[in-house]
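Results of the structural survey
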Amino acid sequence: MTIGVVIGESRPTDVTAQSSKPLSVGEYVIIDSQDGQILGLVEKSIISSEALTDVRNFDEAVESKEVADINSRDKNYKVKIGILGFLDKLQNGQMVLPAVPPLPGTSILEATQKDLGAIFGPITEEWIRIGSLLRNSSIEAKINVNKMVSRHLAILAMTGMGKSNLVSLIARHVSSLNGTLIIFDYHNDYENLDVPKINYMLAKINPRLLPSDKLAEVIELRENADKQQRALRESLTEAVKQSKDFWQALEESTASFGRTVKGYADSASRVLDKIDDAKHRFSDILDPDCGDPVDLIKEGRVNVLNISELSERQANAGLSYYLQELLQHRKDAVWERKGKTSSKRNNKFLAPIFVIIEEAHVFIPKGEHTDTKYWASKVAREGRKFGIGLGVVSQRPRNIDPNVLSQMGSLAIMKIVQDDDQQQIASAAESLSKDLLSQLSSLNIGDAVLIGQWVNLPSIVHVDEVKSKKSGSDLNAVSEWNQTDKFKQVAKESTESMIQKDLLLD
Ligand SMILES: Nc1ncnc2c1ncn2[C@@H]1O[C@H](COP(=O)(O)OP(=O)(O)OP(=O)(O)O)[C@@H](O)[C@H]1O
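UniProt, in the comment section headed Sequence similarities (unreviewed entry), describes the protein chain in these words: "Belongs to the HerA family."

Here is the structure:
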């Protein structure tokens, strides 16, 4: 159906058109050019009224409105359309721009399912549905899972805009494809994730497997307490690591170090206090008898590792351990498959895995070293070769390490209003045009700009809501206060009636 006509000057990159009705920014249209059909994206949409132009006062505005209302030709709908490429080429995954601009007078057509389906929702197994195009809502929006895993992903948005909903949706699809997904859940957001055969667990740290500087972080020794750090380092011997009762052996070894090395009695005693404290406070997490925590992760499942009980330093030590081990497992598996080595240990992960780090700005911060950052950037660099994908989720993109962010080949960006967040994203993602960037502050909950390797074309979509996901929704303080008040009232009344009964019985 013809909805407009190209007017004025046109270029190979954009045209201006007069349309028969208002068109939305972000809507796809077809430019029926002399060289073939071209896909276009509405970048600017202007509506003007002949009668209501140059109005000088309120009375004149009211009179002009009456004139405008009866004149069907009064409104003028003008759009600027960006050219994305020839439609048939885009349907085959190629972007080819016209050499000659579409001639003025060329028809603008409504884009149909037939036109857009092959571009935004290809029907092959690796393409999974995550929603529909925001402005052409009958068109499915899909993402390519293979590209997501091999080229990494960043999900960036202000708080409450739908990041964990998108992660939950991805988890569902990965689960239905029998893939292995590992989510490091910092706020216990995924406890109620409704995915078949989910493997939900408390992330554990086995202190036997840690080097002394990492153990020092986990038991919360101060970073600049050099003497305590040394006391721990010297006490954490191979014999202690191998002993039956790890904590007892470590305590004995530390006590002995304090007795025998001159000037270290106080430091050793402080370390002993810290060990005792950590042993009791973190007994669920610090487990010398849990074996290798990576063994708790199951292949072919969605694994949610709850790290909400861990302090930031502990979570960092835990996460870097997991990332390092997961990368090594995948390297072993790939090398073994190529016949280059025969690994001594059982290769747990025979197929690619995808790891999602929530609150990435905490663990992969800008301008600061963390072990997780080191391993995350290694995974980002080497993951493609070894089949380990990284997904970073954050509400503060400006605080994520730009090197790691720029290695995320695919992005889902939801509403973001802060200018420095937008700038950080723009410099990390080449394919984020100025027009798309300007859309970010006007998106609603669940709307996302998708760019990068996992889509054929940058697009603005509305992500499907995962209805059964209970977590993440805002607390309803008013209703909870109300409930609590009612409970208190009921409790008070029943206590009063019991007192009455007691008095009567007396
Ligand atoms: N695609 C969507 N469509 C409709 N509602 C949505 C969509 N995505 C999320 N919501 C709603 O928005 C709320 C917040 O979503 P979600 O927890 O996913 O946001 P978030 O960005 O992860 O928040 P936080 O930063 O606090 O973790 C939820 O109540 C959820 O139901």
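1. What to know about the packing of helix H9 (residues 246–260) against helix H10 (residues 265–281)
The contact between H9 and H10 brings their axes to 8 Å, and the two run at 165°. The angle between the axes of H9 and H10 places the two elements in the roughly antiparallel class. Of the two elements, H9 crosses H10, and the hand of that crossing is left-handed. Of the residues in H10, those touching H9 at Trp 247, Leu 250, Glu 251, Thr 254, Ala 255 and Gly 258 are Ala 265, Ala 268, Val 271, Leu 272, Ile 275, Asp 276 and Lys 279. Split by residue class, the contact of H9 with H10 holds eight nonpolar, two polar and three charged.

2. Quick look at the packing of aromatic side chains
Counted by the stated rule, this structure contains eight aromatic pairs. Note on Trp 335 and Phe 386: the rings are 5.6 Å apart at their centroids and 80° apart in plane angle, and the pair reads as edge-to-face. Of the two residues, Trp 335 sits in helix H11 (residues 312–337) while Phe 386 sits in helix H13 (residues 371–386), which places them 51 residues apart along the sequence. A relative accessible area of 29% places Trp 335 in the partly exposed class. Within the aromatic cluster, the residues linked to one another by ring pairs are Phe 184, Tyr 321 and Tyr 322. Here the guanidinium or amino end of Lys 227 rests over the ring plane of Tyr 264, the centre of that ring lying 5.0 Å away.

3. Quick notes on the side chain of Ser 64
Within the secondary structure layout, Ser 64 lies in helix H1 (residues 58–70). The buried category is assigned to Ser 64, whose relative accessible area is 12%. Beyond its immediate stretch of four places on either side in the chain, Ser 64 contacts Ala 51, Leu 52 and Val 55.

4. Regarding unusual backbone geometry
Although it is not a glycine, Asp 54 adopts a positive phi angle of roughly 55°. Positionally, Asp 54 belongs in the loop between strand E4 (36–49) and H1. Using a relative accessible area of 69% as the deciding quantity, one classes Asp 54 as exposed.

5. Focus: the site of the ligand
Neighbouring the ligand are 18 residues; Thr 159, Lys 163, Ser 164, Asn 165 and Val 463 lie closest to it. A distance of 2.8 Å separates an oxygen atom of the ligand from a polar side-chain atom of Thr 159. Relative to its unbound accessible area of 620 Å², the ligand is 81% covered by the protein chains. Examining the composition of the shell around the ligand, we find that three residues originate from one element, helix H5 (residues 163–176), more than from any other.

6. Examining H9
Between its first and last C-alpha atoms H9 spans 21 Å; for 15 residues at 1.5 Å apiece the expected length is 21 Å, and the two agree. Buried within H9 we find Phe 246, Trp 247, Ala 249, Leu 250, Ser 253, Thr 254, Phe 257 and Gly 258. Of the surrounding elements, those touching the buried residues of H9 are helix H6 (212–218), helix H7 (226–235), helix H8 (238–242) and H10. Among the residues of H9, the N-terminal cap falls to Asp 245, whose side-chain oxygen and the backbone nitrogen of Trp 247 are separated by 3.4 Å.

7. Considering the pairing of strand E16 (residues 447–452)
Here E16 lies mainly inside the structure; five of its six residues are buried. Direction of pairing for strand E15 (residues 410–413) relative to E16: antiparallel, over a ladder of four bridges. By the bridge assignment, Leu 411 is partnered in E16 with Ile 451. Across four bridges, the pairing between E16 and strand E17 (residues 459–463) is antiparallel. Its bridge partner lying in E17, Leu 450 is registered against Ser 459. Following E16, the chain reverses through six residues before pairing antiparallel with E17.

8. Some remarks on the sheet that holds strand E8 (residues 140–144)
Here we have 11 strands laid out as an open sheet, ordered E8-E7-E17-E16-E15-E9-E14-E13-E10-E12-E11, and mixed in their pairing. Two strands close off the open sheet at either side, each with one partner strand: E8 and strand E11 (199–202). When the angles between neighbouring strand axes are averaged without regard to direction, this sheet yields 25°. Contacting strand E10 (180–185), strand E12 (302–306), strand E13 (353–357) and strand E14 (388–394), H11 crosses the sheet at an angle of about 165° to E13.

9. Regarding the nonpolar core
Core analysis: the largest hydrophobic core is formed by 75 residues, its most contacted members being Phe 184, Leu 250, Ile 307, Leu 326, Ile 364 and Leu 432. The two domains that each donate at least three residues to this core are domain 2 (142–203 + 294–463) and domain 3 (207–282). Residues in contact with Ile 307, not counting those within four places in the same chain, are Phe 184, Asp 185, Tyr 186, Ala 203, Ala 315, Leu 319 and Phe 363. Judged by nonpolar contacts, the second largest core, of 51 residues, contains Leu 133, Leu 169, Leu 181 and Met 414.

10. Some points on the UniProt feature "domain: Helicase HerA barrel" (unreviewed entry) in the protein chain
UniProt's feature table lists "domain: Helicase HerA barrel" (unreviewed entry) at residues 3–69, given in the numbering used throughout. Span residues 3–69 is 18% helix and 46% strand, its end C-alpha atoms 22 Å apart.

11. Some words on the packing of H7 against H9
Where H7 meets H9, the axes come as close as 9 Å, and the angle between the chain directions of the two elements is 120°. When the axis of H7 is compared with that of H9, the two are oblique. Relative to H9, the crossing made by H7 is right-handed. Of the residues in H9, those in contact with Arg 230, Ala 231, Leu 232, Glu 234 and Ser 235 of H7 are Leu 250, Ser 253, Thr 254 and Phe 257. Tallied by class, residues from the contact of H7 with H9 come to four nonpolar, three polar and two charged.

Here is what the cut-offs are and how they apply
Residues numbered from 1 in each chain as written. Predicted model: local features only at pLDDT ≥ 70, side-chain atom pairs only at ≥ 80, totals over all residues. Heavy atoms only, no water. UniProt positions renumbered as here; feature names shortened; annotations may be inferred. Axes fitted to C-alpha atoms, helices over the stretch in contact; angles between N-to-C directions. Helix = DSSP H or I, 4+ residues; strand = E, 2+ residues; numbered from the N terminus. Parallel < 35°, antiparallel > 145°, perpendicular 65-115°, else oblique. Left-handed = near helix turned anticlockwise from the far one by under 90°. Contact = heavy atoms within 4.5 Å. Nonpolar A, V, L, I, M, F, W, Y, C, P; charged D, E, K, R; others polar. Phe/Tyr/Trp six-rings, centres within 6.5 Å; stacked < 30°, edge-to-face > 60°. Buried < 20%, exposed > 50% of the residue type's maximum accessible area, 1.4 Å probe, protein only. Lys NZ or Arg CZ within 6 Å of the ring centre and 35° of its normal. Near = heavy atom within 4 Å. Polar contact = N/O pair within 3.5 Å; in protein donor to acceptor, adjacent residues only side chain to side chain. Areas by Shrake-Rupley, 256 points an atom, 1.4 Å probe, with all protein chains shown as cover. Expected span 1.5 Å × (residues − 1). Pairing = 2+ DSSP bridges. Core = buried A, V, L, I, M, F, W, Y, C linked by side-chain atoms within 4.5 Å. Domains from an automatic or database assignment.

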